[in-house]
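# Chains, contacts and geometry: an overview
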Amino acid sequence: MSAVSGASPDAYERHVGRYAKELSAGLIRVAGVRAGQSALDVGCGPGGLAVALAGLLGDENVAAVDPSERFVEVCRSRIPGADVRIGVAENLPFDDASFDAVLAQLVVQDIVDARNGVAEMRRVARPGGVVSGCVWDFESGMPLLRAAWDAALAIDAELARSLGADRRLPFSRPDELDELWRSTDLEEVEVGKISAGADYADLDDLWFPFAAGVGGVGRFVQSLDGDARARMKAQIGNNLGNPKGTFRLVADAWYVRGRVSS
């Protein structure tokens, strides 16, 4: 399970979940999903991508899976006509060749056995179907997380590094995604970038999920005393140019797309 899968659905939605609407639209576009098809959302979380798929395809043509029971419950409530199940990417609870499109949004880097996970995604996709995923460009394209980890490093570098500040996540670079998709015998593999924005009411709005303990940064924040938390929050604001009032952040994600042979 990922560093955010144990978060409350509300805290997750106010963290990277607020990018889901635009990111989902981008992934659906590059994957070429179209009306009349069926789709599976692997690692659905509270349902950002699944909801977007249902809006295009209809609830009855969408399935989703996630290891978090809380997230599955929320996703089910948002698209009650969809087939939403508890499960993991490495052992998808669906028959062979069940879907026209199998998508994984912000998931591949957290799959314990990513090769097996992508092989499973390929298994449940129909001949000619598409398998696609996306991962944040953590190195230079995700201002929210970069600003937060840089602030954590300034507060306590040793602790920040122990929680992942300088850790490069697997399959978070385009060449790695390309190789992973090709290694599972997917064809017509393409890698590129999509962007997604999120709006914040103010710095307090951005700070909320970190204070709630979401992700590695959240665990770092919860280990601090009150004074250090105040300094951390101020440093994040400084790293983002000290925004006043409402502001918007735009992040980039690497996408990869492949097709199952016909």
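Quick notes on the rules
Residues numbered from 1 in each chain as written. Predicted model: local features only at pLDDT ≥ 70, side-chain atom pairs only at ≥ 80, totals over all residues. Heavy atoms only, no water. Helix = DSSP H or I, 4+ residues; strand = E, 2+ residues; numbered from the N terminus. Contact = heavy atoms within 4.5 Å. Pairing = 2+ DSSP bridges. Axes fitted to C-alpha atoms, helices over the stretch in contact; angles between N-to-C directions. Polar contact = N/O pair within 3.5 Å; in protein donor to acceptor, adjacent residues only side chain to side chain. Core = buried A, V, L, I, M, F, W, Y, C linked by side-chain atoms within 4.5 Å. Buried < 20%, exposed > 50% of the residue type's maximum accessible area, 1.4 Å probe, protein only. Salt bridge = Lys/Arg side-chain N within 4 Å of Asp/Glu carboxyl O. Expected span 1.5 Å × (residues − 1). Arc of directions from axis to C-beta.

Quick look at the environment of Leu-103 now. Checked against the element boundaries, Leu-103 lands in strand β4 (residues 99-105). Separated by 38 residues in the primary sequence, Leu-103 and Gly-141 place their C-alpha atoms 21 Å from one another. With residues up to four places along the chain from it excluded, the contact list for Leu-103 reads Leu-27, Ile-28, Ala-31, Val-33, Leu-40, Asp-41, Val-42, Leu-49, Leu-53, Met-121 and Ser-132.

Strand pairing in a sheet relies on backbone hydrogen bonds, with the paired strands running either antiparallel or parallel. Here we have seven strands laid out as an open sheet, ordered β3-β2-β1-β4-β5-β7-β6, and mixed in their pairing. The two strands at the open ends of the sheet, each matched to only one other strand, are β3 (83-86) and β6 (187-200). Across the sheet, the mean angle separating the axes of adjacent strands is 20° when strand polarity is ignored. For strand β1 (residues 39-42) and strand β2 (residues 62-66), the ladder comprises four bridges, and the chain directions are parallel. Paired with Asp-41 across the strands is Ala-64, a residue of β2. Across the sheet, helix α4 (residues 69-78) touches β2 and β3, and the angle it forms with β3 is around 170°.

So, on to the side chain of Gln-109. Among the secondary structure elements, Gln-109 is positioned in the loop between β4 and α5 (114-124). There is a polar contact of 3.3 Å between the side chain of Gln-109 and the backbone oxygen of Leu-106. Separated by 3.3 Å, the side chains of Gln-109 and Asp-110 make a polar contact. Aside from chain neighbours lying at most four places away, what touches Gln-109 is Val-135, Phe-138, Leu-169 and Pro-170.

This paragraph deals with the nonpolar core. Core analysis: the largest hydrophobic core is formed by 62 residues, its most contacted members being Tyr-19, Leu-53, Trp-136, Leu-206, Phe-210, Met-232 and Ile-236. Looking at which element gives the most residues to this core, the answer is helix α6 (residues 143-155), with seven residues. Beyond its immediate sequence surroundings of up to four residues, Leu-53 is in contact with Ile-28, Val-33, Ala-39, Asp-41, Gly-58, Val-62 and Leu-103. By size, the runner-up hydrophobic cluster in this structure holds 29 residues, among which are Val-42, Leu-92, Val-108 and Trp-254.

With that settled, consider the pattern of salt bridges. Applying the stated criterion across every chain yields a total of 21 salt bridges. We note a salt bridge from Asp-205 to Arg-14, for which the minimum N-O separation is 3.2 Å. Taken together, the residues span a long stretch of sequence, with Asp-205 in helix α9 (residues 203-211) and Arg-14 in the loop between α1 (9-13) and α2 (20-31) at a distance of 191 residues. On the accessibility criterion, Asp-205 (12% relative accessible area) is buried. Taking the relative accessible area as the measure of exposure, Arg-14 reaches 27% and is therefore partly exposed. A salt bridge links Lys-193 to Asp-137; the shortest N-O distance between them is 3.0 Å. Taken as a pair, Lys-193 in strand β6 and Asp-137 in the loop between β5 (125-136) and α6 lie far apart in primary sequence, 56 residues in all. Taking the relative accessible area as the measure of exposure, Asp-137 reaches 3% and is therefore buried. One network of salt bridges, in which partners are shared, links Arg-14, Arg-18 and Asp-205.

Attention now moves to α6. Taking 1.5 Å of rise per residue, 13 residues should cover 18 Å, and α6 covers 18 Å from first to last C-alpha, within 8% of that figure. Listed as buried for α6 are Leu-144, Leu-145, Ala-147, Ala-148, Trp-149, Ala-151 and Ala-152. Considering only its buried residues, α6 is in contact with α7 (157-162), β6, α9, α10 (215-222), α11 (226-239) and β7 (247-259).

With that settled, consider the pairing of β7. Inspection of the sheet shows β5 paired to β7 by seven bridges, in the antiparallel sense. From the neighbouring strand, Gly-133 faces β7, where its bridge partner is Val-256. Across 12 bridges, the pairing between β6 and β7 is antiparallel. Opposite Asp-199, over in β7, you have Arg-248 as the bridge partner.

Attention now goes to helix α8 (residues 174-183). Among the residues of α8, Glu-176, Leu-177, Leu-180 and Trp-181 are the ones counted as buried. Angular distribution of buried residues about the axis of α8 spans 130°; they occupy a single face of the element. Buried-residue contacts for α8 involve α5, β5, β6 and β7. With its phi angle positive at about 70°, Asp-185 sits one or two positions after the end of α8.

Remember, this is a structural readout, not a statement about activity or role.
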